[in-house]
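Fold and geometry: a report
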Amino acid sequence: MNVIVVLSDSLRVDHVGAYGEGKARTPNLDKFAMESALFTRCYIASYPTVPNRADIWMGRYTFPYRGWQPLEPEDVILPEILGEHGVTTQLIFDTPPLLYGDFYRGFSGWWYIRGQHADPYITDPTIPTPLPAAPHKLKNIKRTRQYLRNRYDWRFEKDYIAPRTFTKAIEWLERNHTLDKFLLFVDTWDPHEPFDPPTHYLKLYDDPYREVDSIIYPRYGHWEYMSSSELRRVRALYAGEVTMVDTWFGYLLETVERLGLKENTMIIFTSDHGHLFGEHGLEGKPGGMLGRLYEITTRIPLIIWHPEGYGAGEKFDLITQPPDLLPTILDFMEIPIPKTVNGRSLIPAMKGEEEQIREFAVSARFPGRSTEAAVFDGWAGSSRTVAPITITSKEWTLICYPDPERSELYRIDRDPKQENNLIEEEPKIANELRRALIDLLAALGTKSEWIEPFRLEMKGLKEFLDLETKLYAIRDYEDRVFAFPRRGEAEECLSPEIKSKKVQEVRFGDLLKEKPKAFIHIEDQYYWAEELKPI
C-alpha cells in the first residue's frame with residue numbers, strides 16, 4: 001500500500017473548478033475530483049506555510065504553542081513513524097522554508113529543487129535584474145532581484161520550478177514504483193508568490209502585452225496602492241500559476257496510471273492556505289489588525305483518491321483540518337496512530353461510517369514573531385502578543401478579537417463571501433462561538449496568556465503610532481502618499497512611477513491630518529494612517 005501527497009502552496013479553493021467557481025482552468029484536478037472524495041469544508045489550522053507543515057507532519061494543532069520554527073528533536077513526525085514500520089519515504093520539494101525548518105528529517109530520501117523565491121542560489125552580478133513593477137509595489141526589492149537572478153536562464157516551461165519538482169517526482173516513481181510500501185510527498189511553492197508563470201499561461205487570463213506593471217510579489221495590506229488594472233494583472237498571473245500546477249499534476253497522475261499504481265495507492269491533493277486579491281480590501285497575507293483570517297484564506301482544497309473507491313465522486317461537507325492527514329495516512333497503511341495525534345482519520349467518513357469529524361474548525365497563527373521566520377519572508381503576521389482567531393462551524397464563522405467590538409460574524413452557509421457582518425445583530429451567536437473557541441484553545445493546551453485576552457474581552461488592543469513619530473514619505477502621480485519608518489526604505493522606492501524626487505521627513509500627526517488614508521508601511525505591510533492613530 002502506497003501514499004502520494006501533493007501540497008500546492010497558497011492555492012485558493014475558488015480557483016479549482018471542482019469546487020464550483022473555477023476562477024482558473026484546472027482540468028486535471030477536476031477530473032481527479034470526479035473519481036475521488038472531495039472535501040468541501042477543509043479549513044487551515046496553523047497558519048501559514050511552516051506552521052501548516054508542522055500540523056501535517058505531527059497530526060496535531062501546533063499554533064497554540066509554536067510558530068514559524070524548525071521541528072523539535074522530540075517531535076513525533078509522519079516520516080519517522082512510517083520508517084519504523086518499514087515504509088520507504090521520499091520528500092520532493094521546492095518550498096524554501098522546509099529546508100531551513102528541518103522538515104526533510106526522517107525521510108528515507110529527499111530532493112530539494114533550487115531557485116524558488118529568494119533562494120540564495122545564483123550570485124552572478126552580471127545578470128540584469130530590472131524590476132517588473134515600481135519598487136514601492138513589490139514586497140521585498142532585494143529578494144525580488146534574487147528571484148529574477150535565479151530565473152534568468154529559464155527558457156521553456158520545463159525550466160520553471162513546479163514543472164521541475166513534478167518531473168523529479170515522476171522520475172522517482174519510475175525508479176521506485178516496485179517498492180512494497182512507500183510515501184511520496186510532493187511539496188511545491190507554486191502558486192505562491194512570485195507570480196510568474198510562462199507567458200502561454202498568462203495568455204489564458206490576460207493580454208501579456210498589455211502595458212501594465214507586473215507586480216509579481218505585491219506588498220501586503222490595503223491593496224489600493226495598485227490600480228485596478230494592475231490588480232487584474234496580479235490575479236491573472238496567479239491564475240496562470242494555478243493552471244501550470246494543474247498541468248503538471250496531470251502528468252504525475254498519468255505516470256501513476258502508466259505504472260499501475262492506482263490500484264494500491266492513496267493520492268491526496270491539498271494546499272496550506274489561500275491568498276487575498278482585493279477581497280475585504282486587502283492583498284496577500286496581512287497580519288496585525290489586518291490579519292483577519294477570512295474564508296478566502298482559511299478554506300483549502302482537499303481531494304483524496306482511495307484505491308478501494310471509498311468516497312469516489314462524492315462531496316463531503318464535514319469539517320476537516322490538516323492535522324487529519326497524518327491519521328488518515330496511518331489508517332490507510334494499517335499503522336497504529338500515536339497518542340500525540342489529535343487529528344482524526346477521514347477514511348471512516350469516506351466509507352460512510354461517520355458524518356462528523358469535528359464541530360468546529362479553528363484557524364490561527366501563533367502570536368509573535370519567530371526569529372527563524374526572517375530566513376524567508378513567507379511568514380505572515382506581526383509581533384503582537386495576541387492575534388485574531390477564526391472559528392468556523394457548519395453555519396457560522398466568527399473572526400474573534402480580544403475586543404468583541406472589532407470581531408466579525410458571518411452566516412457562512414448563506415454568505416460565503418462574508419459580505420454581511422452580523423456581529424451587532426447576533427451577539428448571542430458570537431458569544432457562544434467565543435466561549436467554544438476558549439474551550440477549544442484550553443483543550444489544545446494553549447498558553448494561558450494567549451487565552452486570557454479573549455476570556456477577559458480586553459478593549460483597545462491595536463497597533464498605533466505616536467503623533468510625534470517621524471516618518472519618511474514619497475508621493476506618486478496619483479497623489480497617493482507612501483510613508484516608511486526608515487529613510488532608506490523610502491529612498492529604495494524612488495522610481496519613475498514616483499512623483500517625489502526626494503524623500504520628505506514628516507510627523508505622523510501632520511500626515512494623519514492631511515492624508516488619513518496615506519499608506520504607512522509597518523510590519524512589512526501597508527496600513528492606512530487612520531488605522532494607526534493613538535487611542
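Refer to the structure presented above.
In this report, we go over the structure that sits alongside the text. (Residues numbered from 1 in each chain as written. Predicted model: local features only at pLDDT ≥ 70, side-chain atom pairs only at ≥ 80, totals over all residues. Heavy atoms only, no water.)

**Looking at helix α8 (residues 228-258)**
- When the terminal C-alpha atoms of α8 are compared, their 45 Å separation across 31 residues agrees well with the 45 Å that a helix rising 1.5 Å per residue should span.
- Counting buried residues along α8, 23 of its 31 residues qualify, which places the element largely inside the surrounding structure.
- Of the residues one or two after α8, G260 is the one with positive phi, at around 70°. (Helix = DSSP H or I, 4+ residues; strand = E, 2+ residues; numbered from the N terminus. Expected span 1.5 Å × (residues − 1). Buried < 20%, exposed > 50% of the residue type's maximum accessible area, 1.4 Å probe, protein only.)

**Section: the nonpolar core**
- Counting 71 residues, the largest nonpolar core has L173, L184, F249 and L252 as its most contacted members.
- Ranked by the residues each element gives to this core, the list is headed by α8, at 14 residues.
- Those residues in contact with L184 that sit more than four places away from it in its chain are V3, I4, V5, Q90, I92, A169, W172 and L173.
- Counting 49 residues, the second largest nonpolar core, distinct from the first, contains V3, I81, I304 and I335. (Core = buried A, V, L, I, M, F, W, Y, C linked by side-chain atoms within 4.5 Å. Contact = heavy atoms within 4.5 Å.)

**Quick look at the packing of aromatic side chains**
- Going through the model one piece at a time under the given rule, you end up with 23 aromatic pairs.
- Aromatic side chains Y294 and Y410 sit 6.4 Å apart centroid to centroid with 65° between the ring planes, which places their arrangement in the edge-to-face category. Of this pair, Y294 sits in the loop between β9 (282-284) and α9 (295-298) while Y410 sits in strand β15 (residues 408-411), placing them 116 residues apart in sequence. The exposure classification of Y294 matches that of Y410, with both residues buried.
- Ring centres of F519 and Y526 lie 5.5 Å apart, and the angle between their planes is 65°; on these two criteria the pair is classed as edge-to-face.
- Three or more aromatic residues link up through ring pairs in this structure, and these residues are W57, F103, F107 and F185.
- The ring of W111 has K168 lying over it, and the distance from NZ or CZ to the ring centre is 4.0 Å. (Phe/Tyr/Trp six-rings, centres within 6.5 Å; stacked < 30°, edge-to-face > 60°. Lys NZ or Arg CZ within 6 Å of the ring centre and 35° of its normal.)

**So, the layout of surface pockets**
- Of the volumes computed, that of the largest pocket is approximately 610 Å³.
- Taken together, 27 residues form the lining of the largest pocket, with D14, E21, I296, P416 and K417 sitting closest to its centre.
- Within the residue set of the lining of the largest pocket, elements represented by two or more residues are β2 (37-42), α8 and α9.
- The biggest single contributor to the lining of the largest pocket is α8, with three residues.
- When grouped by side-chain class, the residues that make up the lining of the largest pocket number 10 nonpolar, four polar and 13 charged. (1 Å grid on protein atoms, 1.4 Å probe; cavity = no way out; pocket = protein on both sides within 12 Å on 5 of 7 lines; lining within 4 Å. Points joined across faces, edges and corners; volume = space filled by probe spheres on them. Nonpolar A, V, L, I, M, F, W, Y, C, P; charged D, E, K, R; others polar.)

**Observations regarding the pairing of strand β7 (residues 265-270)**
- Summarising burial for β7: six of the six residues are buried, a large majority.
- Where burial is concerned, the two faces of β7 agree: the one with T265, I267 and F269 and the one with M266, I268 and T270 are both buried.
- Relative to β7, strand β1 (residues 2-8) runs parallel, the two being bridged by six bridges. Among the inter-strand pairings, N2 is bridged to a residue of β7, identified as T265.
- The pairing of β7 with strand β10 (residues 302-305) spans four bridges and is classified as antiparallel. When the sheet's bridge partners are listed, I267 is paired in β10 with W305. (Pairing = 2+ DSSP bridges.)

**Some words on the environment of V245**
- Within the secondary structure, V245 sits in helix α8.
- Along the backbone, V245 and L29 are 216 residues apart, and their C-alpha atoms lie at a distance of 9.6 Å.
- Sequence-distant contacts of V245, defined by excluding residues within four places in its chain, comprise S8, A162, F166, D190 and P191.

**Quick notes on the pattern of salt bridges**
- Scanning all chains against the criterion turns up 38 salt bridges.
- Close ionic contact of R292 with E408 constitutes a salt bridge, the shortest N to O distance being 3.1 Å. Remark: E408 occurs in strand β15 and R292 occurs in the loop between β9 and α9; sequence separation between them is 116 residues. Each member of the pair, R292 together with E408, is buried.
- Through salt bridges that share partners, R12, D14, E21, K23 and E279 make up one connected network. (Salt bridge = Lys/Arg side-chain N within 4 Å of Asp/Glu carboxyl O.)

**Considerations on the packing of helix α1 (residues 27-34) against α8**
- Axis separation between α1 and α8 bottoms out at 7 Å; the angle between their running directions is 50°. For the element pair α1 / α8, the angle class is oblique. Taken together, the residues of α8 that come into contact with α1 (itself represented by P27, N28, L29 and F32) are D246, T247, F249, G250 and L253.
- Class assignment for the residues of the contact of α1 with α8 results in five nonpolar, three polar and one charged. (Axes fitted to C-alpha atoms, helices over the stretch in contact; angles between N-to-C directions. Parallel < 35°, antiparallel > 145°, perpendicular 65-115°, else oblique.)

**Structural notes on the sheet that holds strand β12 (residues 361-363)**
- Ordered in space as β12-β13-β14-β15, the four strands form an open sheet in which the pairing is antiparallel. At either margin of the open sheet sits one strand with a lone partner, and together these are β12 and β15. Averaged over all pairs of adjacent strands, the angle between strand axes in this sheet comes to 15°, irrespective of strand direction.
- Where strand β13 (residues 389-392) lies against strand β14 (residues 396-400), four bridges are found, and the strand directions are antiparallel. Paired with T392 across the bridge in β14 is T397.
- Strand contacts of helix α12 (residues 427-443): β12, β13, β14 and β15, with the helix running at about 70° to β14, the strand carrying the most contacts.

**Looking at the packing of helix α6 (residues 161-176) against α8**
- Where α6 contacts α8, the axes come no closer than 9 Å and their chain directions differ by 5°. Between α6 and α8, the interaxial angle falls into the category roughly parallel. For the pair α6 and α8, contact is made by A162, P163, F166, T167, A169, I170, L173 and E174 and by M244, V245, W248, F249, Y251, L252, T255, V256 and R258, respectively.
- A per-class count over the contact of α6 with α8 returns 13 nonpolar, two polar and two charged.

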